[in-house]
Amino acid sequence: MNATTGPEATGPLKGIRVLDMTAVVLGPFCTQTLGDWGAEIVKIEPPTGDIVRASGLFRHRGMASVFMGLNRNKRSLAVDLKSDEGKEVLRRLIPTVDVLVTNIRPAGMKRLGFGPEECRKLNPKLVFAVATGFGQDGPHRARPAFDEIIQAASGLADIVGEAEGEPRFVPSLVADKITGMALLSAVLGALFHRERTGEGQLVEVPMLETLTAFVSVEHLGGMAFDPPIGEPGYKRLRHRKPAKTKDGWITLLPYSSANWVAFFTAAGHAELIEELHLRDPVARNANIDKVYAALRRVALERTTAEWLQLCEEQDVPATAFTRIGDLPRHPHLEAVEMFGLHAHPTEGQVRIARPPTRFERTPANIRRHAPRLGEHTAELLGELGFGEAEIAAMAEKRVIRKG
């Protein structure tokens, strides 16, 4: 990575310019991927910075690990959009971009004077992509939303905590990141439409609806039919648990009927095949609590390494558990160079997970380090036609912040 311009973009979105008016996790997760795939990303931040800059561990305040994991391949422009001068900056920026991505609530964008209609007047071909907590055609449209709110409202926390009899959150920002991926897909779909027709459009991706659709695929259960033919939920998933071995833990996941038969035969328990109805998927799933209980009992008979060897020989899905601190040393991830060390101009050596998607002709690449707050303010304002005196005056009034 180059501290100033970086290498040339090689991804499939090269030539696309994105105005990133997002903060925290959801939006930056989307826009970072757009940047990895070649788009030029201009990140707008208030002079105080994206609040996630202070989340987690950091060497220097404002450059926390979470922020750096979400904001590479971007330039930072720190400006107060509530000021007249800040609004003028935005008015000049919008005509230069293909996409505006924001997770500022629609009412907030409207108050700023930059709702979809106002932005369309400045740039008729603009793709205006907004991530909301709740769909704007529903009664909760004005409510604030964060990851835990959506995990709770979507039923996900209920599913995760079902075995313990109380709701529990997934200890990862899954609502943010899943919605971020949906937002990415929506932007690409709108860009494809514009490529064919020349039309920009408004795209809304609400968190609750997105995670609800995600959860309901398998967990509607009997409620997928009207009238319902059974309870909600997917019974097999309720019984999935790590299996304890002689010396640790393992994930044993015989999946097909052939897998189940092969596993118990090789394990020396062929008698369980008929007893547990393992050849018939319908009967097996109806009896799944007993099937998984037997699997966990049998797992205690061998070491993790012995089970992994047996499962590899029988082509049965299985894996050991990886501690989060051991991820960079996972043999597969190490072989595919998932994590790399990069020299950051202020933060020293930083470990970055590379873009996971592989493009044969247009590879994604990392061109810029996660920016310091306002690192590119003067550079970007100059590109928009502001003179040195104007930039200095805005800095003096604290309308902008230069990194």
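S.K.: Explain the overall build of the protein to me, please; I cannot follow it from the model alone.
M.R.: Regarding its fold elements, the protein presents 18 helices and 12 strands. Overall, the C-alpha framework of the protein stretches about 85 × 50 × 40 Å when taken along its three principal axes. Within the protein, the fraction of its 403 residues that count as buried is 43%. In the protein, once contacts between residues fewer than 6 apart in sequence are set aside, the share between residues at least 24 apart is 69%. Just so you have it, the protein exposes about 21200 Å², and 55% of that area is on carbon and sulfur atoms.

S.K.: Can you walk me through the packing of aromatic side chains in this structure?
M.R.: Where two aromatic rings form a pair, the distance of their centres and the angle of their planes describe that pair. Considering all chains together, one arrives at five aromatic pairs under this definition. Each ring, one from W260 and one from F264, has its centre 6.1 Å from the other, and the planes form 15 degrees; the classification is stacked. Residue W260 and its partner F264 are both found in helix α11 (residues 257–266); the two are separated by four residues, about one turn of the helix. Aromatic pair F263 and F264: ring centres 5.2 Å apart, planes at 80 degrees, arrangement edge-to-face. For the pair shown, F263 and F264 are each scored as buried. A network of ring pairs unites the aromatic residues W260, F263, F264, Y292 and W307 as a single cluster.

S.K.: Please clarify how the packing of α11 against helix α14 (residues 288–299) should be interpreted in this entry.
M.R.: Between two packed helices, the angle of one axis relative to the other and the distance separating the axes together describe the packing. Here α11 crosses α14 at 35 degrees, and the two axes come no closer than 12 Å. Relative to α14, α11 is oriented so that their crossing is left-handed. Along its contact with α11, which presents W260, F263 and F264, the element α14 presents V291, Y292, A294, L295 and V298. Among the residues forming the contact of α11 with α14, the class breakdown is eight nonpolar, no polar and no charged.

S.K.: Teacher, can you tell me more about the side chain of H369 here?
M.R.: Along the chain, H369 falls in the loop between β11 (348–353) and α17 (377–383). Only 3.0 Å separates the side chain of H369 from the side chain of E375, close enough to count as a polar contact.

S.K.: Even after reading the chapter, I still don't get empty space enclosed by the protein, so can you show me in this structure?
M.R.: Any empty space left between atoms is shown by rolling a water-sized probe over those atoms. In this structure the tally under the stated criterion is one cavity of 30 Å³ or more. In this model, the largest cavity occupies a volume close to 30 Å³. What lines the largest cavity is P116, C119, R120, L126, F128 and Q201. With three residues, helix α5 (residues 116–122) is the largest single contributor of residues to the lining of the largest cavity. For the lining of the largest cavity, a count of residues per class yields four nonpolar, one polar and one charged.

S.K.: Even after reading the chapter, I still don't get the sheet that holds strand β7 (residues 243–244), so can you show me in this structure?
M.R.: Sheet strands pair by backbone hydrogen bonding; their relative direction is either parallel or antiparallel. The strand order β7-β8-β9 describes an open sheet built from three strands, whose pairing is antiparallel. If you trace the sheet from one side to the other, it starts and ends with β7 and β9 (318–320), each paired once. Here three bridges tie strand β8 (residues 249–252) to β9, and the two strands are oriented antiparallel to one another. Paired with L252 across the two strands is A318, which belongs to β9.

S.K.: Explain the nonpolar core to me, please; I cannot follow it from the model alone.
M.R.: Within soluble globular proteins, side chains that are nonpolar generally end up buried alongside one another. Within the largest apolar cluster, 32 residues are counted, with the highest numbers of intra-cluster contacts made by V18, L34, V99, I150 and L183. Among the elements of the structure, α1 (26–36), β4 (99–102), β5 (127–132), α8 (174–197), β6 (201–206) and α9 (207–219) are those that each provide at least two residues to this core. Considering each element in turn, this core owes the most residues, eight residues, to α8. Beyond its immediate chain neighbours, meaning those up to four positions away, L34 contacts L13, V18, A39, I41, L184, V187 and L188. If you look at the next biggest cluster of nonpolar residues, it comprises 28 residues, including L81, V97, F386 and V399.

Rules and cut-offs
- Just so you know, the residues in each chain are numbered from 1, in the order the chain's sequence is written.
- Given that this is a predicted model, residues contribute local features only at a pLDDT of at least 70 and side-chain atom pairs are listed and counted only at 80 or more, while totals for whole chains, interfaces and linings are drawn from all residues.
- Remark: hydrogens and water are excluded; side-chain values derive from all non-hydrogen atoms of the structure.
- The way it works is that DSSP assigns letters per residue, a run of H or I at least four long becomes a helix, a run of E at least two long becomes a strand, and they are numbered from the N terminus.
- For the exposure calls, accessible area comes from a 1.4 Å probe over protein chains only, and a residue counts as buried if that area is under 20% of its type's maximum, exposed if over 50%, partly exposed in between.
- Contacts are residue-level and defined by heavy atoms, with any inter-residue pair within 4.5 Å sufficient.
- Accessibility throughout is a Shrake-Rupley quantity obtained with a 1.4 Å probe, and a residue counts as covered only by protein chains that appear here.
- Stacked, tilted and edge-to-face pairs are distinguished by plane angle, under 30 degrees for stacked and over 60 for edge-to-face with tilted covering the rest, among Phe, Tyr and Trp rings (Trp via its six-membered ring) whose centres lie within 6.5 Å.
- Only the contacting stretch of a helix is used when fitting its axis, a line to C-alpha atoms as for every element, and angles between N-to-C directions run 0 to 180 degrees.
- Left-handed describes a crossing whose near helix is turned anticlockwise from the far helix through less than a right angle; right-handed describes the clockwise counterpart.
- Under the convention adopted here, Pro, Cys and the residues Ala, Val, Leu, Ile, Met, Phe, Trp and Tyr are nonpolar, Asp, Glu, Lys and Arg are charged, and Gly plus all remaining residues are polar.
- What qualifies as a polar contact is a pair of N or O atoms within 3.5 Å, subject to a donor-acceptor requirement within protein and to the restriction that residues adjacent in sequence count only when both atoms come from side chains.
- In this analysis the probe radius is 1.4 Å and the grid spacing 1 Å, with only protein atoms considered; a cavity is a set of points the probe fits into but cannot get out of, a pocket is an open set with protein on both sides within 12 Å along at least five of seven lines, and lining residues have an atom within 4 Å of a point.
- Grid points are joined across faces, edges and corners, and a volume is the space filled by probe spheres set on the points.
- Note on pairing: two strands pair once DSSP finds at least 2 bridges between them.
- For the purposes of this section, nonpolar cores are sets of buried Ala, Val, Leu, Ile, Met, Phe, Trp, Tyr and Cys residues that join through side-chain atoms within 4.5 Å.

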